[in-house]
Amino acid sequence: MPKNTAPVLLVSSLPANMVDFTRRLPMIVCPGCGSWVTLSGSHLPVHRGDNRPDAPRDHTGPRRPRCTASGRAVRMDTTAAEVGARLFRDEYDGRNRHRTRTAHPMAPAPLPPVHHMAMAR
Ligand SMILES: [Zn+2]
């Protein structure tokens with residue numbers, strides 16, 4: 001495996017929703033390809049760009065290119081509690097929400113008051 005010279009990836013620098021501590025080994029979203037990879041050591045595992053461990057492998061097709069982030073050094077510098085707190089804070093932070101865009105149809109002109117209608121006759 002060629003050595004990956006990219007700078008060390010700090011898990012705390014990833015958004016909280018890209019870190020998963022609910023499994024036996026922590027998982028993160030690969031910054032190179034966006035797929036979930038399991039962290040079992042100090043480096044990202046070697047994986048293909050469309051990493052899908054649950055899907056059956058197609059051994060007859062061409063080899064898929066290796067993800068450029070494979071083998072990148074990773075430092076686990078956060079805890080499940082910190083990630084959970086960040087996730088909770090980010091979820092309730094209004095800046096992360098989409099603005100509500102409401103289309104108001106053109107309102108018809110208001111009718112004249114009833115006593116003005118009676119005087120117009
Ligand atoms: Zn990747």
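Note on numbering: residues in each chain are counted from 1, in written sequence order. Totals for whole chains, interfaces and linings use every residue, but because this is a predicted model, local features are given only for residues with pLDDT of at least 70 and side-chain atom pairs only at 80 or more, for both listing and counting.

1. A look at the overall build of the protein chain
Selection rule: Helix numbers and strand numbers start at the N terminus; a helix is a DSSP run of H or I with at least 4 residues, a strand a run of E with at least 2. Exposure classes come from backbone-placed C-beta atoms, where a residue is buried if 20 or more other C-beta atoms lie within 10 Å of its own, exposed if 12 or fewer do, and partly exposed in between. Any two residues are considered in contact once their C-beta atoms, placed from the backbone, lie within 7 Å.
On a plain count of helices and strands, the protein chain comes out with two helices and five strands. Expressed as a percentage of its 121 residues, the buried residues of the protein chain come to 9%. When contacts within the protein chain are restricted to residue pairs at least 6 apart in sequence, long-range pairs at least 24 apart make up 55% of them.

2. Let's talk about the nonpolar core
Burial of nonpolar side chains together is a common tendency in soluble globular proteins. To keep things clear, this is the line we draw: Working definition: the nonpolar core is a set of buried Ala, Val, Leu, Ile, Met, Phe, Trp, Tyr and Cys residues, joined through C-beta atoms within 7 Å.
Grouped together as the largest cluster of nonpolar side chains are seven residues: Leu9, Cys30, Val37, Leu44, Cys67, Ala69 and Val74. Setting aside anything within four residues of it in sequence, one finds Leu44 in contact with Cys30, Val37, Ala69, Ser70, Gly71, Arg72 and Val74.

3. Some words on helix H1 (residues 80-91)
Basically, it comes down to this: To estimate the expected span of a helix, subtract one from its residue number and multiply by 1.5 Å.
Taking 1.5 Å of rise per residue, the twelve residues of H1 would be expected to cover 16 Å, and the 16 Å separating its terminal C-alpha atoms lies within 8% of that figure. Of all twelve residues in H1, one are buried, a share of ten percent or less.

4. Notes on the sheet that holds strand E4 (residues 36-38)
Strand-to-strand pairing in sheets goes through backbone hydrogen bonds, with the strands running parallel or antiparallel. Inclusion rule: Here, strands pair whenever DSSP counts at least two bridges between them.
If you walk across this open sheet you meet the three strands as E2-E3-E4, and the pairing is antiparallel. Two strands bound the open sheet, and with one partner strand each, they are strand E2 (19-20) and E4. Bridge count for E2 against strand E3 (residues 27-29) is two bridges, and the pairing is antiparallel. Directly across from Val19, in E3, lies its bridge partner Ile28.

5. Points about the environment of Ser40
By secondary structure assignment, the location of Ser40 is in the loop between E4 and strand E5 (74-75). Accessibility expressed as a C-beta count within 10 Å gives 10 for Ser40, which makes it exposed. Put simply, Ser40 and Pro26 are 14 residues apart on the chain and 7.7 Å apart in space, counted from C-alpha to C-alpha. Excluding residues that lie within four positions of it along the chain, Ser40 makes contacts with Leu25 and Pro45.

6. Notes on the environment of Asp77
Here Asp77 shows up in the loop between E5 and H1. Residues Asp77 and Ser13, 64 residues apart in the sequence, show an inter-C-alpha distance of 9.2 Å. In this structure Asp77 touches Leu10, Val11 and Ser12, once residues within four positions along its chain are discounted.

7. Re the environment of Cys67
Mapped onto the elements, Cys67 comes out in the loop between E4 and E5. On the neighbour-count criterion, Cys67 (23 C-beta atoms within 10 Å) is buried. C-alpha separation for the pair Cys67 and Gly32, spaced 35 residues apart in sequence, amounts to 6.5 Å. The residues touching Cys67, leaving out its near neighbours within four places in the chain, are Cys30, Gly32, Cys33, His47, Arg48 and Gly49.

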